[in-house]
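Here is what each chain is made of, one letter per residue.
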Amino acid sequence: MTVSGKNEAFDTSTLVGNYLGMYFDKEQGVRLGETTVVSRKAHALIPGKKGHVRVLTNRDAGKTYRNFVDVDQVVHIDVHHSPGEIDPRLVARHIYWGIEQHLVEIDPSLGFNEEEKNKAVLEYALRIEVVTAAGKGTVYDLSQGEVRPPDESERHATHIHILASFTSDRYLMILPVAQAAEEAILEAGLSLGKIKRIVHGKEKAKQESLAGYLILPWRKSQGDYTSVLMRENQNQLILKLAEKFASVEELEEFMESYSSNIFKRKSREEQKRKVGDLDEYLEQLQDLGLMRKGLLGPTLTNEGKQLVQYMIRHRCDIEAEIRRSIRRTPGRSRSYQRIGKSERSASHIEFTNRNKTRPLGASHWSGDIAVPETIIQARKRGLVTGDSRLTIRKEDLQVYDRKSYVPIDICLLIDASASMAGDKRHAACYLAEHLLLTGREKVGVVIFQDTKARVVVPFTRNHKYLSRGLASIRPGGFTPMADGIATAVKLITTTKVSNPLLLMITDGVPNFPLWSMDAKADAMKAAEAIARSNIRFVCIGIESNKIFLRDLVEVGKGTLYVVDDLNQNCLIDIAKYERRMASHE
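What counts, and at which threshold
- Residues numbered from 1 in each chain as written.
- Predicted model: local features only at pLDDT ≥ 70, side-chain atom pairs only at ≥ 80, totals over all residues.
- Heavy atoms only, no water.
- Core = buried A, V, L, I, M, F, W, Y, C linked by side-chain atoms within 4.5 Å.
- Buried < 20%, exposed > 50% of the residue type's maximum accessible area, 1.4 Å probe, protein only.
- Helix = DSSP H or I, 4+ residues; strand = E, 2+ residues; numbered from the N terminus.
- Domains from an automatic or database assignment.
- Pairing = 2+ DSSP bridges.
- Axes fitted to C-alpha atoms, helices over the stretch in contact; angles between N-to-C directions.
- Contact = heavy atoms within 4.5 Å.

Below, the discussion takes up the nonpolar core. Among the nonpolar cores identified, the biggest contains 65 residues, and Phe 254, Leu 412 and Val 445 are the most heavily contacted of them. Ranked by the residues each element gives to this core, the list is headed by helix H14 (residues 423-438), at 9 residues. Here this core gathers at least three residues from each of two domains, domain 2 (227-327) and domain 4 (410-584). Of all hydrophobic cores here, the second largest spans 40 residues; its members include Leu 32, Val 75, Val 130 and Ile 162.

If you want it as structure tokens, here you go:
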């Protein structure tokens, strides 16, 4: 290709990227060519109208498909084709080649620098997920041969579903990705599908079935006919709200704040700062007849008041259901980049395994004797030798086997500055509860906000104690990271813990100092204490703060995870991976 051809390719993709960005900012989707729909929203085929696609303007793609907290982080690309299966690895190969070729066209010097070229392509390969009727995975995973099975709803899809974590400066890669997907369709022997029309509209959140969930009271429709769907929707909503708040008590307080008594009402801004945007939940409460609109805003109906009383009476049952839900492990999330590796070694703990026994052995006299098994063995030997008396010899002795495991006590260091309000705070708190409920080790929580840090929960195995501490977190103010690190290190070093892991979650960089007038330098100094104290250190941060956080974990001799979004699935995936890694080192 000539130089002019390279410039032309760059100009075309950039022009298309800018054009798409304009429509994205207007909350709209765009038809790219005849086969592809692109937006930052979820898409749905319109039943009975072939080639008609609805862009769901109230369904952000990142929130809908990846459980992201922030909106407008994911570009959704659907490339339609005739009925049939396409190997997602074939699609991934075409996308990988398409990105590589386009990057070289933009910067010809990459053609002579294999390492830099591979690094640049990898940046995109980790950000793009491909889903077909035959399987799914990131472009990177698929290029390595790792294919995850599709969900049931994806098994009959007639389009390649692509989710790309692109900021606006990466929109120039949308056109090459869509073209690569079209090439994969043709290579698979299928025909390209034609999009006739795009329409825009809203869709209400779908409710999941709650078979086996706690039965809460429900309304009766006309004719005293009990609506099962209404009951399931109500169960789903109340349990989702209970998870969003730190405890059932807080959910009760939230519900009661919408009573007709204006003195019980809480500031809407205060609620949003703590648990995030609740508009969708309020709409659903109104749809279920639990709230109604009034001059003072939404208020509880009589059914809503009855529900609050029911929740108070059955608090233990609801809390048990919430714990069961929190224990569930989400699917793997590979939308992150791992930088560095902790070199901390972990110590094992041995304990008696009373489910398995073994002979004592001739070389040593040690072990917990398994008395019942020893007697049985002696009796068996006596029957074989004809000895009617029960005598126990050394060869009869049975001992319990030994097991070992690596306990990992985790201290969560959570940024609770103003930018972490709402869903990010909820994701971090959810992680704390998940770790405690799915492990045998202790969990502690330290937060840093405004001008100082504080210990919210000392190391504990008590879930109620943890929940009460998490409920006290009210994000706001500055980011005093240095004090946060210093406080966490002090908590770890002054508490009896096993193989401590310090896991810091932040969406910012320090902007309030501790010892000097330089907040960043103080944070670096505090990180030195992590390395000196031999504490395993992991930091989870966002792309825009990558350079500073990379230097911070290098000083603390830890590991950095750069994520697109601080959502609970991603946080849980990283924390469990690090806990597993520490257990096997």
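After presenting the structure, the write-up continues.
What follows is about the sheet that holds strand S22 (residues 559-563). Strands sit in the order S14-S22-S21-S20-S17-S18-S19 across an open sheet of 7 strands; the sheet is mixed. What marks the edges here is a single partner per strand, and that holds for strand S14 (336-339) and strand S19 (452-460). Averaged over neighbouring strand pairs, the angle between their axes works out to 15 degrees when direction is ignored. Note that strand S20 (residues 501-505) and strand S21 (residues 536-542) share 5 bridges and pair parallel. For Leu 502, the partnering residue across the bridge sits in S21 and is Phe 537. Seen against the sheet, helix H18 (residues 546-555) touches S14, S20, S21 and S22 and runs at an angle of roughly 180 degrees to S21.

Another point: the sheet that holds strand S5 (residues 75-80). In a beta sheet, neighbouring strands pair by backbone hydrogen bonds and run either parallel or antiparallel. The 6 strands lie next to each other as S1-S2-S5-S8-S6-S7, forming an open sheet whose pairing is antiparallel. The open sheet has two edge strands, strand S1 (30-32) and strand S7 (135-138), and neither has a second partner. Averaged over all pairs of adjacent strands, the angle between their axes in this sheet comes to 15 degrees, without regard to strand direction. Sheet topology note: the S5/strand S8 (residues 159-164) ladder contains 6 bridges and is antiparallel. Within the sheet, the bridge partner assigned to His 76 lies in S8 and is Leu 163. Taken strand by strand, helix H3 (residues 88-106) contacts strand S6 (128-132), S7 and S8, and its axis lies near 145 degrees from that of S6.

So yeah, pure geometry; function would need other evidence.
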